[in-house]
Amino acid sequence: MKILLLGANGQIGHELRRSLAGLGTIVPATRSGVLADGTPCEVADFDRPDSLPALLERIRPDRIVNAAAYTAVERAEDDVEAAFRANAEAPALLAAYGAERGVPLFHYSTDYVFDGHAGRPYREEDPVAPLGVYGASKRAGEVAVLESGAQNVIFRTAWVYGARGSNFLLTMLRLACERDELQVVSDQRGTPTSAPLIADVTAKVMKRHPEARGIFHLTAGGETSWHGFAEAILSGAHRRGLIPELPRVVPVPSSAYPTRASRPAYSRLDTGKLEALLESPMPRWESGMEEVLDHISP
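A few points on the structure. (Residues numbered from 1 in each chain as written. Predicted model: local features only at pLDDT ≥ 70, side-chain atom pairs only at ≥ 80, totals over all residues. Heavy atoms only, no water.)

**A look at the pattern of salt bridges**
Should their charged atoms come close, side chains of opposite charge can pair. Going through the model one piece at a time under the given rule, you end up with 23 salt bridges. Arg18 is the salt-bridge partner of Asp200, the closest N and O atoms lying 2.9 Å from each other. One end of the pair, Asp200, is in helix H7 (residues 195-208); the other, Arg18, is in helix H1 (residues 11-19), with 182 residues separating them in the sequence. Residue Arg18 is classed as partly exposed on the basis of its relative accessible area, which comes to 43%. Between Arg31 and Asp47 there is a salt bridge, with the nearest N and O atoms lying 3.8 Å from each other. A residue pair is termed long-range when its members are at least 10 positions apart, and Arg31 in the loop between strand E2 (25-30) and strand E3 (42-43) and Asp47 in the loop between E3 and helix H2 (52-59) qualify at 16 residues. Judged by relative accessible area, Arg31 falls into the exposed class, the value being 57%. Residue classification places Asp47 among the partly exposed positions, given a relative accessible area of 29%. (Salt bridge = Lys/Arg side-chain N within 4 Å of Asp/Glu carboxyl O. Helix = DSSP H or I, 4+ residues; strand = E, 2+ residues; numbered from the N terminus. Buried < 20%, exposed > 50% of the residue type's maximum accessible area, 1.4 Å probe, protein only.)

**Focus: helix H5 (residues 133-147)**
Taking 1.5 Å per residue, 15 residues should reach 21 Å; H5 reaches 21 Å between its end C-alpha atoms and fits that length. Taken together, the buried residues of H5 touch helix H3 (73-76), helix H4 (80-101), strand E5 (105-110), strand E6 (152-157) and strand E11 (214-217). The positive-phi residue at the C-terminal boundary of H5 is Gly149, with phi of around 90°. (Expected span 1.5 Å × (residues − 1). Contact = heavy atoms within 4.5 Å.)

**Details of helix H6 (residues 168-176)**
All buried positions along H6 are accounted for by Phe168, Leu169, Met172, Leu173, Leu175 and Ala176. Measuring from the backbone nitrogen of Leu169 back to the side-chain oxygen at the start of H6 gives 3.1 Å, which picks out Asn167 as the cap. (Polar contact = N/O pair within 3.5 Å; in protein donor to acceptor, adjacent residues only side chain to side chain.)

**Side note on the side chain of His209**
Mapped onto the elements of the fold, His209 is located in the loop between H7 and E11. Not counting residues within four places of it along the chain, the set of residues in contact with His209 comprises Lys204, Leu277 and Leu278.

**Points about the packing of aromatic side chains**
According to the stated counting rule, one finds ten aromatic pairs in the structure shown. Ring centres 4.7 Å apart and planes at 50° place the aromatic pair Phe168 and Trp226 in the tilted group. Of this pair, Phe168 sits in helix H6 while Trp226 sits in helix H8 (residues 226-239), and the two are 58 residues apart along the sequence. For the ring pair Trp226 and Phe229, a centre distance of 6.5 Å and an interplane angle of 40° mean the geometry is tilted. Here the residue Trp226 and the residue Phe229 both occupy positions in helix H8, the gap between them amounting to three residues, near one helical turn. Side by side, Trp226 and Phe229 carry an identical accessibility label, which is buried. Linked through ring pairs, Trp159, Tyr161, Phe168, Trp226, Phe229 and Trp285 together constitute an aromatic cluster. A cation over a ring is seen here: Lys273 above Phe216, with NZ or CZ 4.5 Å from the ring centre. (Phe/Tyr/Trp six-rings, centres within 6.5 Å; stacked < 30°, edge-to-face > 60°. Lys NZ or Arg CZ within 6 Å of the ring centre and 35° of its normal.)

**Notes on the pairing of E6**
Most of E6 is tucked away, with six of its six residues classed as buried. A two-sided burial pattern is seen for E6, the buried positions comprising Asn152, Ile154 and Arg156 on one face and Val153, Phe155 and Thr157 on the other. By the bridge criterion, six bridges tie E5 to E6 in an arrangement that is parallel. The residue bridging His107 from the neighbouring strand is Ile154, located in E6. The parallel pair E5 and E6, bridged by H5, forms a crossover whose chirality is right-handed. Looking at chain direction, E6 and E11 are connected through four bridges and run parallel. Residue pairing in the sheet places Arg156 in a bridge with His217 of E11. (Pairing = 2+ DSSP bridges. Right-handed = clockwise from strand over helix to strand, strands pointing away.)

See the structure below:
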């Protein structure tokens, strides 16, 4: 099986190169045409969606896994066209190829398609109401994939982090080495989800459940606030010697950090549909965080 992996340098893409390795031949693609270790790979520039059909025709994959996206939430408010090119137009072209050639597409979306006003974890069928350009562009990508007629699986995930790239966990570790006090938002709640977990579940579904179709919510179990996540990160990091001292973590409201883009105050996703498919519960977010910290060198 030939698997075209788009966005191979990202947090999720990097882990997918590991988790999918046993399922077939992975053809990685990045915007630059170079992997993080300097190895040349295919070029897939999502800012030029019209370049993708030629890549697909040349590679002729058996599976398409799209881990590429425009994820700059703040910048998207001023860069609307770029966000929609990468998050809607590019996935639409991938899905059109998949529909025409009978090639399954695995695609990733976000909790930001919801407005955060729910009083319970969001289910797949709940009404969407993105608060900003990023969420709107990701929802447009979902619709394009769903309406294409392609065999597709869309994983909505949230609060993604890992041992590489740019993410909240690594930011907290860096700041903890620079400051003795950190102020972290405490009135936004969701579920921190590790890139390794997302990659492992993707591989399981691809291997064991070829009948899977549509949207699945893929996050770890449980929920916390950004403040709670920060405290857990720093406590675990201090135990491992990753930070010299344990800074004080002060809870603050979202209003303390005004942003252009509005974010959902509550975005926990209900993973019951995915758990029923896999016949197992999703692991707690704390366990994923501990595993990621174990892979970071002091």
